[in-house]
Amino acid sequence: WTAAQKVLLNRNVEAAVIENSIATILNEGLGYDRCQVGVITNLDPAQHLGECYIETPEQVCNVLRTQVDVVLENGVAVLNAADALVADMAQYCDGEVLFFAQDRSALEAHRQQGGRAVGIRDNEVLLCIGETEKMLLKLSHIPFLDHTQDSQHLDTVLASVGVAWALHLTPELIRAGLK
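The sections below set out a description of the structure shown in this document. From a predicted model like this one, the values you see are computed outputs, not experimental measurements.

The rules behind these values
Residue positions within a chain follow its written sequence, with the count starting from 1. It should be noted that, the model being predicted, local features are given only for residues of pLDDT at least 70 and side-chain atom pairs only at 80 or more, the latter also being counted only at that level, while totals for whole chains, interfaces and linings use all residues. Hydrogens and water molecules were not included; the side-chain quantities draw on all heavy atoms of the structure. Only when DSSP finds a minimum of two bridges between them are two strands counted as paired. Secondary structure is summarised from DSSP: a helix means a run of H or I of at least four residues, a strand means a run of E of at least two, and numbering begins at the N terminus for each. Axes here mean lines fitted to C-alpha atoms, for a helix over just the part in contact, with angles spanning 0 to 180 degrees between N-to-C directions. Note on classification: 1.4 Å probe, protein chains only; a residue is buried when its accessible area is under 20% of the maximum for its type, exposed when over 50%, partly exposed between these limits. Think of a patch as exposed residues, more than 30% relative accessible area, with no salt bridge, where like charges cluster within 9 Å and nonpolar side chains (Val, Leu, Ile, Met, Phe, Trp, Tyr) cluster within 5 Å. We get accessible surface area from the Shrake-Rupley algorithm with a probe of 1.4 Å; when it comes to residues, only the shown protein chains can shield them. Salt bridges are counted wherever a side-chain nitrogen of Lys or Arg sits within 4 Å of a carboxyl oxygen of Asp or Glu. For each structure, a 1 Å grid was placed over the protein atoms alone; sets of points admitting a 1.4 Å probe that cannot get out are labelled cavities, open sets with protein on both sides within 12 Å along at least five of seven lines are labelled pockets, and lining residues have an atom within 4 Å of a point. Grid points are joined across faces, edges and corners, and a volume is the space filled by probe spheres set on the points. Think of it as three bins: nonpolar holds Ala, Val, Leu, Ile, Met, Phe, Trp, Tyr, Cys and Pro, charged holds Asp, Glu, Lys and Arg, and polar takes everything else, Gly as well. Definition used in this section: a nonpolar core is a set of buried Ala, Val, Leu, Ile, Met, Phe, Trp, Tyr and Cys residues joined via side-chain atoms within 4.5 Å. Contact definition: two residues touch when any of their heavy atoms are within 4.5 Å.

**Points about the sheet that holds strand 6 (residues 132–138)**
Within the open sheet, the six strands sit side by side as 1-2-3-4-5-6. Their pairing is mixed. The open sheet is flanked by strand 1 (35–40) and strand 6, the only strands paired with a single partner. Along the sheet, successive strands turn relative to each other by an average axial angle of 20°, direction set aside. Looking at chain direction, strand 5 (residues 124–129) and strand 6 are connected through six bridges and run antiparallel.

Structure below.
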């Protein structure tokens, strides 16, 4: 909380990325009351059970969904559609929901409703709006992945692309950043 406040009160800061753990949210709260983009990549309820009287997966979700609750009406929640607990948090977002997932079938219902999504097809990162797909970049051209198919690394890339897209960066700029 203190570090977040220092960053947010600095007049030279134009944008801030703040990671909040469940322990931070429970013990200190968020260092801000609203945000333009909120991200939840994954949820492992078992990891948090027993902390601060958290006894059920639903209670873990209620704590972490705080990040979705504070997204502005003109903001975006970037959520992992492959994690059912995370995807279910979409209902609490006042703004737009942008899903990401390695498995494109997890994105289908959202895309059928015209929603934005980031996915993978044929080892390429895709930007999707409804049924329209735009190839962004081949996975082999992303140095961060270092030719690995590590699931967490792939989710990190997809979430990052979602955040950049939510902030209205062009596909060309997102591609350059990934390279």
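**Some details on the pairing of strand 5**
Burial within strand 5 is extensive, with five of its six residues counted as buried. With six bridges joining them, strand 4 (residues 116–121) and strand 5 adopt antiparallel strand pairing. Bridge pairing links isoleucine 120 to valine 125 in strand 5. A loop of two residues connects strand 5 with strand 6, the two strands running antiparallel in sequence, and glycine 130 in this loop sits at a positive phi of about 60°.

**Quick notes on a nonpolar patch on the surface**
Together, Val7, Leu8 and Val13 make up a nonpolar patch on the protein surface, roughly 190 Å² of accessible area in all. Tracing the sequence through the fold places leucine 8 in helix 1 (residues 2–9). With a relative accessible area of 39%, leucine 8 lands in the partly exposed category.

**Section: the layout of surface pockets**
Here the largest pocket defines a volume of roughly 1100 Å³. Looking at the largest pocket, it is lined by 28 residues, and the ones nearest its centre are Ile18, Glu19, Asn20, Val39 and Gln67. When contributions to the lining of the largest pocket are tallied by element, the ones reaching two or more residues are helix 2 (22–27), strand 1 and helix 3 (45–48). Looking at the lining of the largest pocket element by element, the count peaks at six residues for strand 1. Among the residues forming the lining of the largest pocket, the class breakdown is 16 nonpolar, nine polar and three charged.

**Examining the nonpolar core**
Judged by nonpolar contacts, the single largest core of 30 residues is most densely connected at Leu43, Leu64, Val68, Leu79, Met89 and Phe99. For this core, the secondary-structure elements that each account for two or more residues are helix 2, strand 1, helix 4 (57–64), strand 2 (71–80), helix 6 (84–87), strand 3 (96–100) and strand 5. The element contributing the most residues to this core is helix 4, with four residues. In this view, leucine 64 contacts Ile22, Ile25, Ile40, Leu43 and Met89; residues no more than four positions away in its chain are not counted. Counting 24 residues, the second largest nonpolar core, distinct from the first, contains Val118, Leu145, Leu158 and Ile174.

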